[in-house]
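Architecture at a glance
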Amino acid sequence: MFANLLAGCGDSIGNCKGSQYTQEVELTPEEWSEFQRNNPSGPPDPNGTTTGPDAVTTGASTTDASTTDASTTDASTTDAGTTDASTGTTDAGASTTDATGGEALSEAEACALVCKYRVDEFEQPLDCEVTQEATKVIVACTLPAYCEGRRHACVTSRGERAEAEPAGAWLARAAHDEAASVHAFRSLARELAAWGAPAELLARIDAAVADEVRHAEVVANAARARGAEVTPPTHVALAVRELLAIAVENAVEGCVRETWAALSAAHQARFAAEPALRTMYEEIAADEARHAELAWAIDAWLMGQLDAAGRAAVASARRAAIAELQASLGLLEEPALRVLGLPPAATAVRLCGELDAALWSRAA
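Residues numbered from 1 in each chain as written. Predicted model: local features only at pLDDT ≥ 70, side-chain atom pairs only at ≥ 80, totals over all residues. Heavy atoms only, no water.

Identification of the chain as Ferritin-like domain-containing protein from Nannocystis pusilla is taken from an unreviewed UniProt entry.

1. Topic: the pattern of salt bridges
Under the counting rule described, the total for this entry stands at 16 salt bridges. The salt bridge partner of Arg 319 is Asp 356, with a shortest N-O separation of 3.0 Å. With Arg 319 in helix H8 (residues 308–329) and Asp 356 in helix H9 (residues 345–358), this pair connects stretches of sequence that are 37 residues apart. By relative accessible area, Arg 319 is classed as partly exposed at 37%. Several salt bridges share partner residues, and in doing so they unite Asp 211, Arg 214, Asp 287 and Arg 290 into one network. (Salt bridge = Lys/Arg side-chain N within 4 Å of Asp/Glu carboxyl O. Helix = DSSP H or I, 4+ residues; strand = E, 2+ residues; numbered from the N terminus. Buried < 20%, exposed > 50% of the residue type's maximum accessible area, 1.4 Å probe, protein only.)

2. Observations regarding the packing of helix H5 (residues 199–224) against helix H7 (residues 275–305)
For any two helices packed against each other, the geometry is given by the interaxial angle and the distance between the axes. Relative orientation of the contacting elements H5 and H7 amounts to 150°, with a least axis distance of 10 Å. As the angle between them shows, H5 and H7 are arranged roughly antiparallel. Of the two possible hands of crossing, H5 and H7 adopt the one that is left-handed. When H5 is examined against H7, the residues Leu 201, Arg 204, Ile 205, Ala 208, Asp 211, Glu 212, Arg 214, His 215, Val 218, Val 219 and Ala 222 are found in contact with a partner set consisting of Leu 277, Met 280, Ile 284, Asp 287, Glu 288, Arg 290, His 291, Glu 293, Leu 294, Ala 297, Ile 298 and Trp 301. Split by residue class, the contact of H5 with H7 holds 13 nonpolar, two polar and eight charged. (Axes fitted to C-alpha atoms, helices over the stretch in contact; angles between N-to-C directions. Parallel < 35°, antiparallel > 145°, perpendicular 65-115°, else oblique. Left-handed = near helix turned anticlockwise from the far one by under 90°. Contact = heavy atoms within 4.5 Å. Nonpolar A, V, L, I, M, F, W, Y, C, P; charged D, E, K, R; others polar.)

3. A closer look at the confidence of the model for the chain
With 68% of its residues at a pLDDT of 70 or more, the chain shows a mean pLDDT of 76. With pLDDT under 50 throughout, residues 152–157 is counted as low confidence; its partners more than four residues away or in other chains account for 30 contacts. (pLDDT = per-residue confidence, 0-100.)

4. Regarding H8
For H8, which comprises 22 residues, the first-to-last C-alpha distance of 32 Å matches the rise-based estimate of 32 Å (1.5 Å per residue) to within 8%. Listed in full, the buried residues belonging to H8 are Gly 310, Val 314, Ala 317, Arg 318, Ala 321, Ile 322, Glu 324, Leu 325, Ser 328 and Leu 329. The arc that holds every buried residue of H8, seen down its axis, measures 165°, which confines them to one face. (Expected span 1.5 Å × (residues − 1). Arc of directions from axis to C-beta.)

5. Brief notes about the nonpolar core
Among the nonpolar cores identified, the biggest contains 40 residues, and Leu 192, Ile 205, Trp 260, Ile 298, Leu 302 and Trp 360 are the most heavily contacted of them. For this core, the elements supplying multiple residues, two or more each, are helix H4 (166–194), H5, helix H6 (243–271), H7, H8 and H9. With ten residues, H6 is the largest single contributor of residues to this core. Those residues in contact with Ile 205 that sit more than four places away from it in its chain are Phe 185, Leu 188, Ala 189, Leu 192, Leu 294 and Ile 298. Judged by nonpolar contacts, the second largest core, of 25 residues, contains Ala 175, Ala 266, Ala 272 and Leu 277. (Core = buried A, V, L, I, M, F, W, Y, C linked by side-chain atoms within 4.5 Å.)

What follows is the structure, given as structure tokens:
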């Protein structure tokens, strides 16, 4: 399928989307007020308690908004001694008590919460800006553009290496993401085994782990050859999650992002400027195509375990991830990344649309 989609790409090495993109969210003043009250899903109750299921917590002991592990903190949480407006974290002293008696978030915290609920629930914003007008509030969320590898709630790092030259920095982050995929697949296997998944699926995940170990090594070597330092991923142990949470993550990370990564790697295998890079990505593309097939096999098994409401939630998350990916592809380009053979913005948008028509839109 990927070979057919790549037909007609021509010989253009082209540019690549940048390592981040910005998406704006328009809110009513009332909606913004609810986010400021740490209440993304509805008005506060009379007692002033938070009704949002994953609302930001404040204080010295905090957890990732998308996980329940007490040992992790991220941009959507607040630590008693941390201030970072660019990622949405703030000192606990910045939070105040609103008129209802609940915790009122700082602007940075509320901004990060909007990005989580309205743009990408898995990725923390690199930057967040709020523009308040008379009749609306515009929240601009700057997020990392997808690079390589499958993510999982257990992975808590992004691997940015801004100090390297652009191609080296891109490869360094890709190497980080490939290594993070090792933890992602291992955690996924543990969770699926706990839910009684077929042994055949678990064996295929084990094989994918070995692939990702190899990918991380070869991509890291390519990054270091360009003077970049590769940051190892950080991760935490999580309790086994509910099937719906696993299914949503697999739909987003496997059926959408990893499937796109396989197609992108196939493009790199054809159009990278250096023979060594083309050879590297030819091997990676073949492996990632198998990983994409694995994601869809996992999806099929999980959908058989869910009720109608759960299946609808997974389908909705998949469509949202497709829309997010499509929005990110045409935003930023950097000529210095041409050597890597990534599809130029126009080609990426076209390929993504064709992949949608050939695969995603046909999924139940």
